[in-house]
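Chain by chain, the residues:
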Amino acid sequence: MFNKYMILTRDFRNVGESGRLTGFQVKIRIPYYRGVTLSLVDKIDLTVDGEAFSMEQMTFSAGGRTYNFNDLAKTTNTEWAFGEPAILTVSKPGGLASGMHTVQLGIVIRKSYIPHSDPENLFDFAHTTLVPFLQMREGATKTMTLV
Amino acid sequence: MTRRELLKDMAAAAVVTNSGGLTASQAHSGISPKIRRGVSLYSYREEFYTRAMTLEDCLSEASSIGAFGIEMLPEENVPGFPNISSQWVDQWFAMMAKYGTKPVTYTQFQDTFLLRDHDFTVTEGVQWMERDLKLAKLLGFRNLRLLIGTPVDVIERSIPLAEKYDLRMNVEIHAPCPIDGSVVERWVSIIDKTKTKHFGLNPDMGLFNMRESSADRDKRICDGQLRRSVAALVDNAHASKLPVERAIVELNKIDATESEMAYLQAVYSPGGQDIQKLKPLVPYSHHIHAKFYDMTEDYQESSIPYDQIIQVLIEGGYDGYMVSEYEGQRIAQDAFETDSCEQVRRQHVMLKRLLGEV
């Protein structure tokens, strides 16, 4: 859901310190119909021009604070708000070259629709029909220019 | 091609499901004062997400169509959730007063998988529920919508809290849940056993989705999976109750592709359940989701037979809100533009007619 809105063109840029480029930033929005507590942001994968970046190479900034993915998993009192851009800051010494880049993004949100524990077998109807769709990776690809 | 042009080209298709028989209002002459119209702001989520509409715009729009009962997902519309500022609460009530709207249902999400290392224990689940009961109370809501998969022991343990805050927790019966299945029986048995007024049901009318919606059809066409002529043939065959075997023969004659056969199967294999089975659940129901996918220009919902549904609700003595839940943009994304406000408006023209308001 909202896959076409996940990757924002605006503010796509390199970042650095003391004159050296250390990486780049891309703004992203949630592919879901509500905001979620940060701990529910389960996985993010990012590939730029075929080069894949792991979650360990990124930080996630939302609501004016920056988290690495270990912190994100433990944050249960703050949300990634619905429709609100978060910033992925990706470590890449030298940054990205000026020009056109193809950005591929995948996000998995942990959704609690059907409990794992079902001692009374109340949710038998859901295990084959519904559950496979709940932890789906939502993906998007966008080609955009870095100046 | 715009979707309007596409629909014009398809005039021959004439998708009408609400044909035949009396409308609920004809059958019951007079208005149904107990069934009130509302909207879940979920319906406007795409416009809210892209910031084309603010929360105030959504409330103003709901008010302007007489949909005064508001359901809201706080995690969609409330800035800073779950840390809601007192200034924001003041603004919320000021907007309610300005537009004559009423907070009816707070859409709760029991995030049982919140923590990475374990699923919520019952105690943690009840604490999460209490957080939302308090926030719903703060915002003046009367009901909490519970997710279908809210663990039953968490619900049972939360009933005293719902009584304390005087809020009704209503668990949503949502497709593909069988309306007469074991989980529904379990919920009803809790209500019967405890005689509580603070736990009930929230049926979603997507349970009665009788055929693939016209929005799905149009997406298939836009995606190049379905020729317009074939779609029209299938729609006409279905509308005129041509048996599926004969429809398959007709499609084979014109060398229909595999994906076109899949459309035929989708139209002919309804997932919709027996609407009469809703009737015994009406006395337990405190809130209804008027789910819809696509309202046509002549104010018909292409897949959910609201005339039959409203008749059952009136006969069952339903006393509460029916709130719009527009789902079509979810189907349409990337295929064509949708206008959530126009779609909800069309549904309310239909609801007013069926409820005898006109």
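Quick caveat: nothing in here was measured; it's all calculated off a predicted structure.

Engineer: Could you clarify how one ought to interpret the overall build of chain A in this entry?
Structural biologist: Secondary structure assignment for chain A yields three helices and 11 strands. Secondary structure of chain A in N-to-C order comes out as β-β-β-β-β-β-β-α-β-β-β-α-α-β. In terms of principal-axis extent, the alpha carbons of chain A reach across some 60 × 30 × 25 Å. Residue burial in chain A is summarised as follows: out of 147 residues, 29% are buried. Relative to all contacts within chain A whose residues are 6 or more apart in sequence, the contacts with residues 24 or more apart total 76%.

Engineer: Before we go on, may I ask you to explain the overall build of chain B in this structure?
Structural biologist: Scanning chain B for helices and strands turns up 16 helices and eight strands. Expressed as a percentage of the 358 residues in chain B, the buried residues total 47%. Counting only contacts in chain B whose residues sit at least 6 apart along the sequence, the fraction spanning at least 24 positions is 83%.

Engineer: I'm lost on the sheet that holds strand β4 (residues 41–48) of chain A in this one. Help?
Structural biologist: Think of a sheet as strands paired side by side through backbone hydrogen bonds, with each pair either parallel or antiparallel. All names here are of chain A. Strand order in this open sheet of four strands is β5-β4-β10-β11, and the pairing throughout is antiparallel. Edge positions in the sheet fall to β5 (51–53) and β11 (138–146), since each has one partner strand and no second. The average angle at which neighbouring strand axes cross in this sheet is 20°, direction not considered. Here strand β10 (residues 99–109) pairs with β11 via nine bridges, running antiparallel.

Engineer: Help me out: how do you make sense of the confidence of the model for chain B in this one?
Structural biologist: Do not read the fine detail of predicted coordinates wherever pLDDT is low. All names here are of chain B. Looking at chain B, the pLDDT average stands at 90 and 90% of residues meet or exceed 70. Note on residues 11–30: pLDDT is under 50 here. Beyond four places in sequence and across chains, it has 39 contacts. Here the prediction assigns the complex a pTM of 0.89, and the interface score ipTM is 0.94.

Engineer: Is there a simple way to explain the pairing of strand β6 (residues 199–203) of chain B in this structure?
Structural biologist: Successive side chains on a regular strand alternate, one facing one side of the sheet and the next facing the other. All names here are of chain B. Most of β6 sits inside the fold, with five of its five residues counted as buried. Judged from the five bridges that link them, strand β5 (residues 168–173) and β6 form a sheet pairing that is parallel. Residue Asn170 lies in a different strand from β6, and its bridge partner there is Gly200. As for the winding sense of the linkage, the β-α-β connection from β5 through helix α9 (residues 182–194) to β6 is right-handed.

Engineer: Hey, could you run me through the interface of chain B and chain A in this one?
Structural biologist: Often, the extent of an interface is quoted as the loss of accessible area on bringing the components together. Contacts between the two partners involve 34 residues from chain B, matched on the other side by 30 residues from chain A. Every element with two or more residues in the side of chain B that touches chain A is listed here: α3 (45–49), α5 (74–77) and α9 of chain B. The class makeup of the residues in the side of chain B that touches chain A is 17 nonpolar, seven polar and 10 charged.

Engineer: Got a minute to help me understand the pairing of strand β2 (residues 20–28) of chain A in this structure?
Structural biologist: Residues and elements named next belong to chain A. Sheet analysis places strand β1 (residues 13–17) next to β2, joined by five bridges and oriented antiparallel. Among the inter-strand pairings, Val15 is bridged to a residue of β2, identified as Gly23. In this antiparallel pair of consecutive strands, β1 and β2, the connection spans two residues, and Ser18 shows a positive phi of 40°. Pairing between β2 and strand β9 (residues 86–91): six bridges, direction antiparallel.

Engineer: I tried to follow the environment of A:Leu146 on my own but got confused; where do I start?
Structural biologist: All names here are of chain A. Positionally, Leu146 belongs in strand β11. For the pair formed by Leu146 and Leu72, sequence separation is 74 residues and the distance between their alpha carbons is 28 Å. What Leu146 contacts, discounting residues up to four positions off in sequence, is Phe12, Arg13, Asn14, Leu96, Ser98, Gly99 and His101.

Engineer: Would you mind showing me how to read the environment of B:Phe93 here?
Structural biologist: Residues and elements named next belong to chain B. Secondary-structure assignment places Phe93 in helix α6 (residues 86–99). In this structure Phe93 comes out as exposed when scored by C-beta crowding, with 12 C-beta atoms within 10 Å. As for Phe93 and Leu139, which are separated by 46 residues in sequence, their C-alpha atoms are 7.7 Å apart.

Engineer: What should I look at first to understand the environment of A:Gly23 in this one?
Structural biologist: All names here are of chain A. Turning to its location among the elements, Gly23 is positioned in strand β2. For Gly23, a count of 20 C-beta atoms within 10 Å translates into the label buried. In this structure, the C-alpha to C-alpha distance between Gly23 and Thr89, residues 66 residues apart in sequence, is 7.1 Å. Among all residues touching Gly23, those that are not within four sequence positions of it are Val15, Thr89, Val90, Ser91, Lys92 and Gly95.

Engineer: Which parts of the structure should I look at to understand the sheet that holds strand β6 (residues 58–62) of chain A?
Structural biologist: Residues and elements named next belong to chain A. Taken in spatial order, the five strands make up an open sheet running β1-β2-β9-β6-β7, and their pairing is antiparallel. The sheet terminates laterally at β1 and β7 (65–67), the two strands that pair on one side only. Ignoring strand direction, the axes of neighbouring strands in this sheet form an average angle of 30°. Bridge count for β6 against β9 is four bridges, and the pairing is antiparallel. In the sheet register, Ser61 faces β9, and the bridge partner there is Ile87.

Engineer: Would you explain the packing of helix α7 (residues 122–138) of chain B against helix α8 (residues 152–165) of chain B in this entry?
Structural biologist: For any two helices packed against each other, the geometry is given by the interaxial angle and the distance between the axes. Residues and elements named next belong to chain B. Across the interface, α7 lies against α8 with an axial gap of 9 Å and an inter-helix angle of 30°. Relative to α8, α7 is oriented roughly parallel. For the element pair α7 and α8, the recorded crossing hand is right-handed. On α8, the residues that touch Val122, Gly125, Val126, Met129, Glu130, Leu133, Lys134 and Lys137 of α7 are Asp153, Val154, Arg157, Ser158, Leu161, Ala162 and Tyr165.

Parameters at a glance
Residues numbered from 1 in each chain as written. Chains lettered and ligands numbered in written order. Predicted model: local features only at pLDDT ≥ 70, side-chain atom pairs only at ≥ 80, totals over all residues. Helix = DSSP H or I, 4+ residues; strand = E, 2+ residues; numbered from the N terminus. Buried ≥ 20, exposed ≤ 12 C-beta atoms within 10 Å, placed from the backbone. Contact = placed C-beta atoms within 7 Å. Pairing = 2+ DSSP bridges. Axes fitted to C-alpha atoms, helices over the stretch in contact; angles between N-to-C directions. pLDDT = per-residue confidence, 0-100. Right-handed = clockwise from strand over helix to strand, strands pointing away. Nonpolar A, V, L, I, M, F, W, Y, C, P; charged D, E, K, R; others polar. Parallel < 35°, antiparallel > 145°, perpendicular 65-115°, else oblique. Left-handed = near helix turned anticlockwise from the far one by under 90°.

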